[in-house]
Amino acid sequence: GSCKLMDETFSSSRTSEISERILLNVCSKLQRNNIKVAALIMKCEEVDHNGDGFVHYKDIRELMNSILPFKDWITEREMVHICSALKSTGETSIKDNGGVAYIRLFDV
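Please read all numbers here as calculations on a predicted model, not as lab measurements. (Residues numbered from 1 in each chain as written. Predicted model: local features only at pLDDT ≥ 70, side-chain atom pairs only at ≥ 80, totals over all residues. Heavy atoms only, no water.)

## A closer look at the overall build of the protein
Within the protein, the secondary structure is distributed over four helices and two strands. Listing every helix and strand of the protein by position from the N terminus yields α-α-β-α-α-β. A total accessible area of about 6500 Å² is found for the protein, and carbon and sulfur atoms account for 52% of it. (Helix = DSSP H or I, 4+ residues; strand = E, 2+ residues; numbered from the N terminus. Areas by Shrake-Rupley, 256 points an atom, 1.4 Å probe, with all protein chains shown as cover.)

## Points about the packing of helix 2 (residues 37-47) against helix 3 (residues 57-67)
In contact at an axis separation of 10 Å, helix 2 and helix 3 are set at 125° when each is read in the N-to-C sense. Between helix 2 and helix 3, the interaxial angle falls into the category oblique. For the crossing formed where helix 2 meets helix 3, the hand is right-handed. Packed against helix 2, whose contacting residues are Leu-40, Lys-43, Cys-44 and Val-47, the element helix 3 presents Ile-60, Leu-63, Met-64, Ser-66 and Ile-67 at the interface. Taken together, the residues of the contact of helix 2 with helix 3 break down into seven nonpolar, one polar and one charged. (Axes fitted to C-alpha atoms, helices over the stretch in contact; angles between N-to-C directions. Parallel < 35°, antiparallel > 145°, perpendicular 65-115°, else oblique. Left-handed = near helix turned anticlockwise from the far one by under 90°. Contact = heavy atoms within 4.5 Å. Nonpolar A, V, L, I, M, F, W, Y, C, P; charged D, E, K, R; others polar.)

## Thoughts on the packing of aromatic side chains
The description of an aromatic ring pair uses the distance of the two centres, along with the angle that the planes make with each other. In this structure the tally under the stated criterion is one aromatic pair. A cation over a ring is seen here: Lys-95 above Phe-54, with NZ or CZ 4.3 Å from the ring centre. (Phe/Tyr/Trp six-rings, centres within 6.5 Å; stacked < 30°, edge-to-face > 60°. Lys NZ or Arg CZ within 6 Å of the ring centre and 35° of its normal.)

## Thoughts on the nonpolar core
Membership of the largest hydrophobic core comes to 23 residues, with the highest contact counts inside it found for Ile-60, Met-64, Met-79 and Ile-82. It is helix 4 (residues 76-87) that provides the largest number of residues to this core, a total of five residues. When sequence neighbours within four positions are dropped, the list of residues in contact with Ile-82 reads Leu-23, Val-26, Met-64, Ile-74 and Leu-105. (Core = buried A, V, L, I, M, F, W, Y, C linked by side-chain atoms within 4.5 Å. Buried < 20%, exposed > 50% of the residue type's maximum accessible area, 1.4 Å probe, protein only.)

## Side note on unusual backbone geometry
At Asn-34, a position not held by glycine, the phi torsion is positive, near 55°. Residue placement: Asn-34 occurs in the loop between helix 1 (13-32) and helix 2.

## Structural notes on the side chain of Lys-29
Relative to the elements of secondary structure, Lys-29 occurs in helix 1. When its relative accessible area of 5% is taken as the criterion, Lys-29 is described as buried. Contacts of Lys-29, omitting those with residues within four sequence positions, involve Leu-68, Asp-72, Trp-73, Ile-74 and Glu-78.

## Some thoughts on helix 4
With 12 residues, helix 4 should reach 16 Å at 1.5 Å per residue; the first-to-last C-alpha distance of 16 Å fits that figure. The complete set of buried residues in helix 4 reads Glu-78, Met-79, His-81, Ile-82, Cys-83, Ala-85 and Leu-86. (Expected span 1.5 Å × (residues − 1).)

## A word on the packing of helix 3 against helix 4
Two measures define how a pair of helices packs: the angle their axes make with one another and the distance between the axes. Orientation of helix 3 relative to helix 4, taken along the N-to-C sense of each, is 120°, at an axis distance of 11 Å. Judged by the angle between their axes, helix 3 and helix 4 are oblique. Here the hand of the crossing between helix 3 and helix 4 comes out right-handed. Mapping the contact onto sequence places Tyr-57, Ile-60, Arg-61 and Met-64 in helix 3 and Glu-76, Met-79, Ile-82 and Cys-83 in helix 4. The residue makeup of the contact of helix 3 with helix 4, split by class, is six nonpolar, no polar and two charged.

Right under this line is the structure:
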């Protein structure tokens, strides 16, 4: 299927090219390992102890890496680009403390 990470627009063409390449790589990792966004969201719900719908981006990365083989782990740089894509979906997607509205992963 198509990966919505690729639908994001960024401010400059250089940034856009780099972001597009990085997000395409993330999509490839998920697709190659048959990982669905719904499965990631379920894992996020498990660690969302206060039930506010937010999980720290480092925890999301850790969750993704727990279900990906080592060679396909999500890097810190890739996570930054995922967060940038999320931020462009709406101001309430990312908190200043690094919390991510994980349900918005469907939008990315």
